[in-house]
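Below are the chains, spelled out letter by letter.
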Amino acid sequence: MNHSRATRRSFLSDVTVGAGLLLAGCNRGGGSAESAPAGGSTPGGPADVTLRIAPVLADIAKDHTISTVGYNGAVPGPPIRLREGVPVTVDLFNETDSAEFVHWHGQIVPADIDGAQEENSLVVPAHGHLRYRLTPQPAGARWVHTHVMPMSDLSRGTYTGQFAFVYVEPKTSPGQFDQEIFLATHEWEPIYTTEEEEDEEDTTPEERRRKEEAKKKEEKPNGWEIGYQRFTINGKCLGYGEPLHVKEGQRVLFHFLNASATEIIQLALPGHRFQIVALDGNPVPRPQSVDVLELGTAERIDAVVEMKTPGVWILGTPKDDDRKNGMGIVVEYANKRGAPRWTKPPKKAWDYTIFGDTRPAPNPDEVIPLAFGKINGGTGGFNRWTVNGKAYDEKAEPRLLHKGRRYRLVFDNQTDDAHPVHLHRNSFELTSVYGKPTAGILKDVVLVKGFRKIEVDFSPVMEGLTLFHCHQQLHMDYGFKLLFNVA
């Protein structure tokens, strides 16, 4: 059984363990070498959390096995449960031939253990070991994944199976539900293609006009894009593996994660609605019910579904080709049998602001414009991506920020691609989405669609290097990154 689910009573039964102080150095020779931090001692004995990076053979469909790299022998890796504010010792073992970075996505942790090369984080060497301490925060649905830049190598980075849910259990109860299910989407067998992203169905006439104007100005055709041959939820294609078993009358809490390297995902469950209670692990001010979920790469949604339409259903993407290629999972009510049913959901544009407050956001201390640009790579080449006219330069001085100040980042997407942008080691508050003011929605990834603007506010709480980037792997690899330094 590859999906992860739990009843309320077994909420703590997976890996109940609890960002902080570096405890140990890494062994670059493959054994186990540890060094004590300044002012402390290195604890002996087993770690609270162990993550093994190693080759995995995953059966994703009947007579279809893929070879990839995963965590703890599975794809996705088994969910890791932590307790908010309770420090844990983490052991990372790398059983591959390449150095790795393990990123604790959505957690507010020191830069040295955040798992990003740009932040000078500790590396997990090939056939090596790394141990450190981590204090989980904030509470909610987080995740852990590789942060290697694979560039043109589609067998590394987030194209692999190196990802797992991390649930940071809150100090107070997250709500009433009867069953809890973790579902992570991912695509496999990536290929290079010349097909561009599909047009957004909810684009305005003005945005379509801007797109046409941009096309006319292009000096080169679009470069490589990524396509996929197989789609999975929890490492299984639709129809393969065990269904999700539910009972009529249950309230089921679903944790959804888009663990794709490059894709935006939509999901629906015919005959049911999703009451969204949290985005990126953070409770929303105004829970709302929707027919279709939309998640940019790395986004998470927590939603409660009332099981009141008995039958056998497909929870999957409305995109017919992707669903036929695996993007779905069967939901089966108790004592119900038969072929799973699918009906197309109503179309409606995804709108973050319905979950927010209408109160005005406080004025920021400083506004930082971030304009996203694209330089076409031409046939057989790779597109380049820029922030404020510049691709990422590791030699450039990071932008200085001050801890505690309120900054407003203006994400101005001047390209026709959608960008799921992520800020490390912080959560930010949405303040304006496509010109519509909002407040109270806390996230660490937001999807900025073509030729649109989103504004977010944040106040850095930890000193050190902080990475901002597009979470679309191909965009991040080819320039879409910016480094801040918090003092």
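Quick notes on the rules
- Residues numbered from 1 in each chain as written.
- Predicted model: local features only at pLDDT ≥ 70, side-chain atom pairs only at ≥ 80, totals over all residues.
- Heavy atoms only, no water.
- Helix = DSSP H or I, 4+ residues; strand = E, 2+ residues; numbered from the N terminus.
- Buried < 20%, exposed > 50% of the residue type's maximum accessible area, 1.4 Å probe, protein only.
- 1 Å grid on protein atoms, 1.4 Å probe; cavity = no way out; pocket = protein on both sides within 12 Å on 5 of 7 lines; lining within 4 Å.
- Points joined across faces, edges and corners; volume = space filled by probe spheres on them.
- Nonpolar A, V, L, I, M, F, W, Y, C, P; charged D, E, K, R; others polar.
- Phe/Tyr/Trp six-rings, centres within 6.5 Å; stacked < 30°, edge-to-face > 60°.
- Lys NZ or Arg CZ within 6 Å of the ring centre and 35° of its normal.
- Pairing = 2+ DSSP bridges.
- Axes fitted to C-alpha atoms, helices over the stretch in contact; angles between N-to-C directions.
- pLDDT = per-residue confidence, 0-100.
- Contact = heavy atoms within 4.5 Å.
- Salt bridge = Lys/Arg side-chain N within 4 Å of Asp/Glu carboxyl O.

Further remarks concern the overall build of the chain. Helix and strand counts for the chain stand at four helices and 35 strands. The buried share among the 487 residues of the chain stands at 58%.

Here the second largest pocket defines a volume of roughly 560 Å³. Forming the walls of the second largest pocket are 25 residues, and the residues nearest its centre are Y392, D393, E394, A396 and K481. Taken together, the elements giving at least two residues each to the lining of the second largest pocket come down to strand 25 (366–375), strand 26 (384–387) and strand 35 (481–486). Ranked by the residues each element gives to the lining of the second largest pocket, the list is headed by strand 35, at four residues. In terms of residue class, the lining of the second largest pocket is built from twelve nonpolar, four polar and nine charged.

Turning next to the packing of aromatic side chains. Applying the stated rule across the entire model yields 15 aromatic pairs. The rings of F372, F411, F428, F468 and F480 are connected pair by pair, giving a single aromatic cluster. When the ring centre of F93 is taken as reference, the NZ or CZ atom of R52 above it lies at 4.3 Å. Sitting above the plane of the Y434 ring, R452 keeps its charged end 4.6 Å from the centroid.

Moving on: the sheet that holds strand 28 (residues 407–413). Whether parallel or antiparallel, the strands of a sheet pair through hydrogen bonds between backbone atoms. Taken in spatial order, the six strands make up an open sheet running 26-25-28-33-30-31, and their pairing is mixed. The outermost strands of the open sheet, each flanked by one partner alone, are strand 26 and strand 31 (436–443). Between one strand and the next, the sheet's axes are offset by a mean angle of 20°, whatever the strand orientation. Bridge count for strand 25 against strand 28 is seven bridges, and the pairing is parallel. By the bridge assignment for strand 28, A371 is matched with D412.

Summarising the model, the chain shows a mean pLDDT of 90, and 88% of its residues fall at 70 or more. Considering only residues more than four positions removed or in separate chains, one finds that residues 1–42, a stretch of pLDDT under 50, has 128 contacts.

Okay, the sheet that holds strand 27 (residues 399–401) next. On the basis of which strands lie adjacent, the open sheet formed by five strands has the order 27-35-34-29-32 and mixed pairing. Since the sheet does not close on itself, it has two edges, and those belong to strand 27 and strand 32 (445–448), each with one partner. Averaged over all pairs of adjacent strands, the angle between their axes in this sheet comes to 25°, without regard to strand direction. Alignment of strand 29 (residues 419–423) against strand 34 (residues 464–470), held across three bridges, turns out to be antiparallel. In the sheet register, H422 faces strand 34, and the bridge partner there is H469.

Looking now at empty space enclosed by the protein. To find the voids left in a structure, one rolls a probe of water-molecule size over its atoms. Of the volumes computed, that of the largest cavity is approximately 60 Å³. Along its surface, the largest cavity is lined by E187, F231, E263, I264, I265, Q266, T317, K319, D322 and M327. For the lining of the largest cavity, the class distribution of residues is four nonpolar, two polar and four charged.

One pass over the full model with this rule turns up 29 salt bridges. One salt bridge in this structure joins D457 and R406, with 2.8 Å as the shortest N-O distance. Note that D457 is positioned in strand 33 (residues 453–458) and R406 in the loop between strand 27 and strand 28, a separation of 51 residues in sequence. Judged by its relative accessible area of 2%, D457 is buried.

If you trace the backbone, A391 turns up in the loop between strand 26 and strand 27. Residue classification places A391 among the partly exposed residues on the basis of a relative accessible area of 27%. Sequence-distant contacts of A391, defined by excluding residues within four places in its chain, comprise R384, W385, T386 and G479.

Below, the discussion takes up the environment of L423. Along the polypeptide, L423 turns up in strand 29. The exposure class of L423 is buried, given its relative accessible area of 1%. Separated by 45 residues in sequence, L423 and F468 have C-alpha atoms that sit 4.6 Å apart. If we skip the residues at most four places from it in the chain, L423 touches L409, F428, D444, F458, T466, L467, F468 and F484.

To continue, consider the side chain of R406. R406 gets classed as buried once you look at its relative accessible area, which sits at 17%. Apart from residues no more than four positions distant in its own chain, R406 is found in contact with A361, P362, N363, P364, D365, E366, E429, T431, D457, F458 and S459.

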